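Survey of secondary and tertiary structure
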Amino acid sequence: MTEHTTSGPDSTAGSAVETGDTAAAVLAGNPTHSNEDVRKTYREQAATMARLDPLNGLLTGRYRRRLFGTASGRVLDVACGVGTNERYLPEDCAYVGVDISPDMLAKARERLAGRRRAITLQKMDAHDLDCPDDSFDTVISSLSTCTFPDPLTALAEMGRVCRPDGRVLLLEHGRSSVGPIAQFQDWRADAHFRKHHCRWNQEPLEVIERSPLAAVDHSTAALGVLTAIEARPE
Ligand SMILES: C[S@@+](CC[C@H](N)C(=O)[O-])C[C@H]1O[C@@H](n2cnc3c(N)ncnc32)[C@H](O)[C@@H]1O
């Protein structure tokens, strides 16, 4: 497997980007980071994330099922983490999960071993997917655009590999619609980003609107923190 790097995000390792070309990659004023920052974060967190996956299922499982249960055909899960989304797909879908973190993929391999459907797991950079154009019926991704160093490039790649009549399904977290929670998120945003490389008060719909994807439906849940988005490649 090829290890891809992205010159823009990697060249801004650990810095807040506010001006220049890369500023378009994240919403104005939001910080960005490098792929290596991501790998390091998830090297430290992979075991915990795998252990806490049942709790993750309790908190987000019903939203994942509602959205990803509508997937069809050959499905690509971008930034698949420990493989959480696989169990919410219809039985007849083939599953390809990609992630940049070898540690998260190792946990996904352990957890998805023995499943009946066709499963492929590969190390891949969401900014530069090693997949042909139009090669998936459905592209899914969850809790990921907040973590990508360059979310707009990653979303463009999801659109490129999705068939023109296919769907891109995203479950993203962002700034709550409940004032005190949103204020808390804003207050802790820098500290949270430094620890997790996650822009937790990002507005998912604004990111999608600036991407080449066209949102055709969306809904919010969990006090406005979770947004489910159905999009089509433009
Ligand atoms: C918060 S976790 C979400 C994992 C999973 N999708 C879920 O819903 O639980 C974010 C994931 O994004 C992955 N990631 C971040 N940047 C990436 C990139 N450039 N390419 C592929 N995966 C990336 C991380 O390695 C991590 O597994």
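Analysis parameters
Within each chain, residues carry numbers counting from 1 in the order of the written sequence. Note on the predicted model: pLDDT of at least 70 is required for a residue's local features to be given, and 80 or more for side-chain atom pairs to be given and counted; whole-chain, interface and lining totals, by contrast, use all residues. By definition, any uninterrupted DSSP run of H or I lasting at least four residues is a helix, any uninterrupted run of E lasting at least two residues is a strand, and each is numbered from the N terminus. Every C-beta atom is placed from the backbone, and the number of other C-beta atoms within 10 Å of a residue's own sets its class: buried at 20 or more, exposed at 12 or fewer, partly exposed in between. Contact between two residues is assigned when their C-beta atoms, built from the backbone, lie within 7 Å. You can read pLDDT as the predictor saying how much it trusts each residue, on a scale of 0 to 100. Pairing between strands is defined by DSSP: at least two bridges between them are needed. Being near a molecule or strand means, for a residue, that its backbone-placed C-beta atom lies within 6 Å of it. Just so you know the grouping, Ala, Val, Leu, Ile, Met, Phe, Trp, Tyr, Cys and Pro go in nonpolar, Asp, Glu, Lys and Arg go in charged, and all remaining residues, Gly too, go in polar. With the strands aimed away from the viewer, a crossover counts as right-handed if its path from the first strand over the helix to the second runs clockwise. Lines fitted to C-alpha atoms define the axes here, with helix axes fitted over just the stretch in contact, and angles between the N-to-C directions of these axes take values from 0 to 180 degrees. Working definition: roughly parallel below 35 degrees, roughly antiparallel above 145 degrees, roughly perpendicular at 65 to 115 degrees, and oblique for all remaining angles.

This part covers the overall build of the protein chain. When helices and strands are counted, the protein chain shows seven helices and seven strands. Beginning at the N terminus, the succession of helices and strands in the protein chain can be written as α-α-α-β-β-α-β-β-α-β-α-α-β-β. Relative to its full complement of 234 residues, the protein chain shows a buried share of 44%. Contacts in the protein chain between residues far apart in sequence, at least 24 positions, make up 65% of those at least 6 positions apart.

With that settled, consider the confidence of the model for the protein chain. Per-residue pLDDT for the protein chain has a mean of 88; in total, 87% of the residues score no lower than 70. Note that pLDDT drops below 50 for residues 1–25; the model gives that stretch 51 contacts with residues more than four away or on any other chain.

As a further point, take the pairing of strand 1 (residues 74–78). Within strand 1, four of the five residues are buried, leaving the element largely enclosed by the surrounding structure. The sheet contact formed by strand 1 and strand 2 (residues 94–99) spans five bridges and is parallel. The residue of strand 2 that forms the bridge with Leu76 is Val96. Direction of pairing for strand 1 relative to strand 4 (residues 136–142): parallel, over a ladder of three bridges. The residue of strand 4 that forms the bridge with Val75 is Thr138.

Among the secondary structure elements, Leu205 is positioned in helix 7 (residues 204–209). A C-alpha to C-alpha distance of 9.0 Å links Leu205 and Glu172, two positions 33 residues apart in sequence. If we ignore the near neighbours within four places in the chain, the residues touching Leu205 are Ala215, His218 and Thr227.

Counting buried positions along helix 5 (residues 151–161) gives nine out of 11 residues, so the element sits mostly inside the fold. Buried-residue contacts for helix 5 involve strand 1, strand 4, strand 5 (162–173), helix 7, strand 6 (213–221) and strand 7 (226–233).

Around the ligand there are 19 residues in total, and Ala79, Gly81, Ser101, Ala126 and Ser142 lie nearest to it. Grouping the amino acids of the shell around the ligand by side-chain chemistry returns nine nonpolar, eight polar and two charged.

Let us look at the pairing of strand 5. Along strand 5, nine of the 12 residues are buried, which leaves the element largely enclosed by surrounding structure. When strand 4 meets strand 5, the two strands line up parallel, connected through six bridges. Following the sheet pairing, Thr138 is matched in strand 5 by Arg167. Where the polypeptide runs from strand 4 across helix 5 and back to strand 5, its parallel neighbour, the crossover connection is right-handed. Direction of pairing for strand 5 relative to strand 7: antiparallel, over a ladder of six bridges. Opposite Glu172, over in strand 7, you have Thr227 as the bridge partner.

Remark on secondary structure: sheet strands pair via backbone hydrogen bonds, oriented parallel or antiparallel. Strand order across the open sheet formed by seven strands is 3-2-1-4-5-7-6, with mixed pairing between neighbours. On the outer flanks of this sheet lie strand 3 (119–123) and strand 6, each paired with one strand and no other. Taking the axes of each pair of neighbouring strands and ignoring which way they run, one obtains an average angle of 15 degrees across the sheet. Lying on the sheet, helix 4 (residues 102–112) is in contact with strand 2 and strand 3; it crosses strand 3 at an angle near 165 degrees. In this fold helix 5 packs onto strand 1, strand 4, strand 5, strand 6 and strand 7, with an angle of close to 145 degrees to the strand it touches most, strand 5.

In contact at an axis separation of 8 Å, helix 2 (residues 35–51) and helix 4 are set at 25 degrees when each is read in the N-to-C sense. Our classification of the angle between helix 2 and helix 4 gives roughly parallel. Together, Tyr42, Arg43, Ala46 and Ala50 of helix 2 and Asp103, Met104, Lys107 and Arg111 of helix 4 make up the contact between the two elements. In terms of residue class, the contact of helix 2 with helix 4 is made up of four nonpolar, no polar and four charged.

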